[in-house]
Amino acid sequence: MTHPESSPEERPRVIRPYGDTTDDGMVQLSFTLPLPHDALAEGAALRLASLMGVQRPLLVHARPVGTEFSFFVVYGAVLHGVDLDAVQVLEREYPLLSAHEADEAIQEGLGRDLVVVGACVGTDAHTVGIDAILNVKGFAGQKGLEYYHGIRVVNLGAQVPVGVLARRAAEEDADAVLVSQAVTQRDAHLTNVRELSAELDTVFADRGRRPLLVVGGPRFDPQMAAELGADRVFGRGTTPNDVASYLVHALTAGRRPVADEARAETERSTV
């Protein structure tokens, strides 16, 4: 027997995790402790779970990681519920465009190619993310930005100092700078983005505007853009289509076609 999906109006506004039965609050946690795997380490894992508020924790998996560390999976119930009315999320405020639609919007809104410079900065050598967005092969069945006729892409690759990226963006007269960060130890990804934002402000200070700074990576919070000095933050699962649509929206929304601007300027000069 199948049950129809409930409408948003019928769904509860406070929810709890589901494990075996509705609202039982069951969750699964995994973590590593700096202890050799023995009875003391297992007891410490269960104690940690209890201190975190997990009720009746069960140790369902434990194994050594080398000789000085142990990995654990703990299963148990939590008492907390989530009030959906208190949840804040970043909603997409622009339409998703096909490559053809994006190219048309760029031509009409800018009258030239949209220039994108991308890189992995600092010590980050993980180019999978930036390549997924920029390279023609793309990601998730979508072609990367190099495929778009209206976008000119400069991919600087990995381990690019923030100063080098900012100066290259100025040389290319970039409309947008894209940064992918996978290395997050000691919040290196956050530090790099803040430094890059400040560097772009400096390098573009005499131009009256700076390029959009768009950041992506699995450990970024999309709501941190303003705090980091970025214009947009994309998280896990972002596709080239997401990024291209945002760039088109941010750079062309509310702008008259170049041809119209030129015509208006001519009319003003003849009045």
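Above: the structure in question.
Now for a quick tour of the structure. (Residues numbered from 1 in each chain as written. Predicted model: local features only at pLDDT ≥ 70, side-chain atom pairs only at ≥ 80, totals over all residues. Heavy atoms only, no water.)

1. Topic: the sheet that holds strand E6 (residues 114–119)
Strand order in the open sheet formed by five strands is E7-E6-E8-E9-E10, and the pairing between neighbours is parallel. Since the sheet does not close on itself, it has two edges, and those belong to strand E7 (151–155) and strand E10 (232–234), each with one partner. Pairwise comparison of adjacent strand axes, ignoring direction, gives a mean angle of 20° for this sheet. The strands touched by helix H5 (residues 188–203) within the sheet are strand E8 (176–180) and strand E9 (212–216), with E9 carrying the most contacts at an inclination of about 170°. (Pairing = 2+ DSSP bridges. Helix = DSSP H or I, 4+ residues; strand = E, 2+ residues; numbered from the N terminus. Axes fitted to C-alpha atoms, helices over the stretch in contact; angles between N-to-C directions. Contact = heavy atoms within 4.5 Å.)

2. Regarding the packing of aromatic side chains
Scanning the entire structure with this criterion turns up three aromatic pairs. Ring geometry for Phe31 versus Phe72: centroids 6.0 Å apart, planes at 40°, classification tilted. Of this pair, Phe31 sits in strand E2 (residues 26–33) while Phe72 sits in strand E4 (residues 69–77), and the two are 41 residues apart along the sequence. Phe72 carries the same exposure label as Phe31, and that label is buried. Among the aromatic residues, ring-to-ring pairing joins Tyr94, Phe234 and Tyr246 into one connected group. One cation-aromatic arrangement involves Arg92 over Tyr94; the distance from NZ or CZ to the ring centre is 5.9 Å. (Phe/Tyr/Trp six-rings, centres within 6.5 Å; stacked < 30°, edge-to-face > 60°. Buried < 20%, exposed > 50% of the residue type's maximum accessible area, 1.4 Å probe, protein only. Lys NZ or Arg CZ within 6 Å of the ring centre and 35° of its normal.)

3. Concerning the environment of Gly141
With respect to the helices and strands, Gly141 occurs in the loop between helix H3 (128–134) and E7. On the accessibility criterion, Gly141 (84% relative accessible area) is exposed.

4. Here we look at unusual backbone geometry
Of note, Asp23 is a non-glycine position whose phi angle comes to about 65°, a positive value. Mapped onto the secondary structure, Asp23 falls in the loop between strand E1 (14–15) and E2. Here the phi dihedral of Ala140 falls at roughly 55°; this positive angle occurs in a residue that is not glycine. Looking at the secondary structure, you find Ala140 in the loop between H3 and E7.

5. With respect to H5
Taking 1.5 Å per residue, 16 residues should reach 22 Å; H5 reaches 22 Å between its end C-alpha atoms and fits that length. Of all the residues in H5, the buried ones are His189, Leu190, Asn192, Val193, Leu196, Ser197 and Leu200. End-on, the buried residues of H5 take up no more than an arc of 160°, which puts them together on one face. Looking at the buried positions of H5, the neighbouring elements they touch are helix H4 (162–171), E8, E9 and helix H6 (225–228). (Expected span 1.5 Å × (residues − 1). Arc of directions from axis to C-beta.)

6. Focus: the sheet that holds strand E3 (residues 55–65)
What the three strands build is an open sheet, ordered E2-E4-E3; its pairing is antiparallel. For this open sheet the edge positions go to E2 and E3, each flanked by a neighbour on one side alone. Taken pair by pair, the neighbouring strands of this sheet meet at an average axis angle of 20°, ignoring direction. As paired strands, E2 and E4 are joined by eight bridges and run antiparallel to one another. Along E4, the bridge assignment pairs Phe31 with Phe72.

7. What to know about the pattern of salt bridges
Evaluation of the coordinates by the stated rule reveals ten salt bridges. Among the salt bridges present, the one from Asp175 reaches Arg112, with a minimum N-O distance of 2.9 Å. Residue Asp175 is found in the loop between H4 and E8, and its partner Arg112 is found in the loop between helix H2 (99–109) and E6; the two are separated by 63 residues along the sequence. The buried category is assigned to Asp175, whose relative accessible area is 5%. With a relative accessible area of 38%, Arg112 lands in the partly exposed category. A salt bridge links Glu172 to Arg152, with the shortest nitrogen-to-oxygen separation between them at 2.9 Å. Of this pair, Glu172 sits in the loop between H4 and E8 while Arg152 is found in strand E7, placing the two residues 20 residues apart along the sequence. For Glu172, a relative accessible area of 17% translates into the label buried. (Salt bridge = Lys/Arg side-chain N within 4 Å of Asp/Glu carboxyl O.)

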